[in-house]
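# Fold and geometry: a report
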Amino acid sequence: MTKDAAQNDKGPELIESDTMSDQETYILRLYVAGQTKKSLTAFANLKEICEKHLGGRYRIEVVDLLENPQLAKGDQILAVPTLVRRLPPPIKKIIGDLSNTERVLVGLDIRPAEGPHVQ
């Protein structure tokens, strides 16, 4: 991750959009195992997707399982990187580097699976 996305001993690092709004906020937790190329790619892809499609309605929590392996149990993490949408319900999970933007949007229910999307 970048310096501002590093995890501290207190748990997941929070990355909030610059303009949080009163609309429905997406709470996204990205589980990684160290600063591997795949983890860094997943974080960069997630940040770009959030900025482009969620505007100010998101918060990213980065959890490094090398530093806090016990946190994997709560969300039943079996592979990394894994993205977990905590809010809004229901909880959703996506495994991989998040490079397929369309798949991520559909998986997070940000964009319908069919039809044009107007932003």
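All values derive from a computational prediction rather than experimental measurement. (Residues numbered from 1 in each chain as written. Predicted model: local features only at pLDDT ≥ 70, side-chain atom pairs only at ≥ 80, totals over all residues. Heavy atoms only, no water.)

## Describing the overall build of the protein
Within the protein one finds two helices and five strands. Starting at the N terminus, the α and β elements of the protein follow one another as β-β-α-β-β-β-α. For the protein, the residues scored as buried account for 42% of the 119 residues in total. Pairs at least 24 residues apart make up 68% of the contacts formed inside the protein by residues separated by at least 6 positions. (Helix = DSSP H or I, 4+ residues; strand = E, 2+ residues; numbered from the N terminus. Buried < 20%, exposed > 50% of the residue type's maximum accessible area, 1.4 Å probe, protein only. Contact = heavy atoms within 4.5 Å.)

## What to know about the environment of Lys 93
For Lys 93, the location among the structural elements is in strand β5 (residues 92-95). Looking at Lys 93, the relative accessible area reads 42%, which means it is partly exposed. In sequence terms Lys 93 and Leu 28 are 65 residues apart; their C-alpha atoms lie 9.6 Å from each other. What Lys 93 contacts, discounting residues up to four positions off in sequence, is Asp 75, Gln 76, Thr 82, Leu 83 and Val 84. For Lys 93, the side chain forms a polar contact with the main-chain oxygen of Asp 75, separated by 2.4 Å. (Polar contact = N/O pair within 3.5 Å; in protein donor to acceptor, adjacent residues only side chain to side chain.)

## A look at the side chain of Arg 85
Examined against the element boundaries, Arg 85 turns out to sit in strand β4 (residues 82-87). Comment: no salt bridge for buried Arg 85; closest opposite-charge side chain is Asp 109, at 4.0 Å. (Lys, Arg positive; Asp, Glu negative; His and termini not counted. Salt bridge = Lys/Arg side-chain N within 4 Å of Asp/Glu carboxyl O.)

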